[in-house]
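# Coordinate analysis (summary)
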Amino acid sequence: MPARPPEPTIASLRDSPEGDALARYWRFYWAVADAQLARWLPRRPSRVLDISGDHGRCAERAAEAGHSVVEVRDPLLARRTAGAPADGASGDGRAGPGNGTVKILGDSGSLAFLGDASMDAVLAENRVLSRHLATEETVAEIARVLRPGGRVLLCVDSLTLGMALLAEQSHWAHLSDVPSAEVVLVPWPDGTITRCFGADQLRELLAEVGLEVCWIRPRTALSPSTVEHVLSSSPDALPRLVRTELNAPAGDESLGFHLLASAKRL
């Protein structure tokens, strides 16, 4: 029997498998994310706003499912791409159902270029709301552009991740403040900072802007070490692992490194 791999360090849990010892886990992670998105997307052709900033992963899949997608991209990233426009939208600028994807360069934290109640669904995947430290402002904008009954799918860093990272870096004073803190900002070894949420904090944040939480769950309940162990011994087990994750009964919302939530505008 192959030896069980050691539990990875928290700092190694980046969002890309390239050059990563956790390549098997990230393959599983993104397979789960794709399946969760496919389950969540509206059944009818809809206007979908994607502010995830994950290089087209969500936008492409939503468009393939028959939705009209407005994808907001960071202009600094886009300027590094040959032939990218400096500002505005590509294509004909229309966002009606069936028109594919319109790419807009701009700050995903400010959606002033969109009208009120203009979107049927919003994707805030890839931990984008944890990267926007003033998350309240971004969530308020999401609520504004959603039509009544419209939904948002979002993913954030969890308090479980934040506390583990603080402990790994021996930030004991900061760690002791977490239980009473209203806002938890966590530094990464590379100098970046993300905002971490507990399930109750996330629920309150969404409720304050008129969004009703449908559910909150960990992105994956299976740990990276478990997934690495199973896939290293049985490479064909990926579909079975994904099904296990998707069909797992609702459990502790606080488990997992990333929290996934669905909410709708009242």
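The preceding data block contains the structure.
The notes below deal with the structure included here. Quantities reported herein were computed from a predicted structural model and do not represent experimental measurements. (Residues numbered from 1 in each chain as written. Predicted model: local features only at pLDDT ≥ 70, side-chain atom pairs only at ≥ 80, totals over all residues. Heavy atoms only, no water.)

## Topic: the packing of helix 1 (residues 23–40) against helix 2 (residues 57–64)
- Interaxial distance between helix 1 and helix 2 falls to 11 Å at its minimum, and their mutual angle equals 40°. Classed by the angle they form, the pair helix 1 and helix 2 counts as oblique. When you trace helix 1 past helix 2, the crossing you get is right-handed. Of the residues in helix 2, those in contact with Trp-30, Asp-34 and Leu-37 of helix 1 are Arg-57, Cys-58 and Arg-61.
- Grouping the amino acids of the contact of helix 1 with helix 2 by side-chain chemistry returns 3 nonpolar, no polar and 3 charged. (Axes fitted to C-alpha atoms, helices over the stretch in contact; angles between N-to-C directions. Helix = DSSP H or I, 4+ residues; strand = E, 2+ residues; numbered from the N terminus. Parallel < 35°, antiparallel > 145°, perpendicular 65-115°, else oblique. Left-handed = near helix turned anticlockwise from the far one by under 90°. Contact = heavy atoms within 4.5 Å. Nonpolar A, V, L, I, M, F, W, Y, C, P; charged D, E, K, R; others polar.)

## Details of the packing of aromatic side chains
- Going through the model one piece at a time under the given rule, you end up with 5 aromatic pairs.
- Ring geometry for Tyr-25 versus Trp-26: centroids 5.3 Å apart, planes at 65°, classification edge-to-face.
- Looking at Trp-26, the relative accessible area reads 1%, which means it is buried.
- For the pair Trp-26 and Tyr-29, a centre-to-centre distance of 4.8 Å together with 65° between the ring planes defines the contact as edge-to-face. With Trp-26 and Tyr-29 both in helix 1 and 3 residues apart, the pair spans about one turn of that helix.
- A residue is classified by how much of its surface remains accessible, and Tyr-29, at 4% relative accessible area, is buried.
- Within the aromatic cluster, the residues linked to one another by ring pairs are Tyr-25, Trp-26, Phe-28, Tyr-29 and Trp-30.
- The ring of Trp-30 has Arg-57 sitting right over it, with the charged end atom 4.0 Å from the ring centre. (Phe/Tyr/Trp six-rings, centres within 6.5 Å; stacked < 30°, edge-to-face > 60°. Buried < 20%, exposed > 50% of the residue type's maximum accessible area, 1.4 Å probe, protein only. Lys NZ or Arg CZ within 6 Å of the ring centre and 35° of its normal.)

## Some details on the side chain of Asp-157
- Tracing the sequence through the fold places Asp-157 in strand 6 (residues 146–158).
- Asp-157 gets classed as buried once you look at its relative accessible area, which sits at 0%.
- At 2.5 Å, the side chain of Asp-157 forms a polar contact with the side chain of Arg-127.
- Those residues in contact with Asp-157 that sit more than four places away from it in its chain are Arg-127, Ser-130, Trp-188, Thr-194, Arg-195, Cys-196, Phe-197, Phe-257 and His-258. (Polar contact = N/O pair within 3.5 Å; in protein donor to acceptor, adjacent residues only side chain to side chain.)

Function cannot be read off these values alone, since they describe shape.
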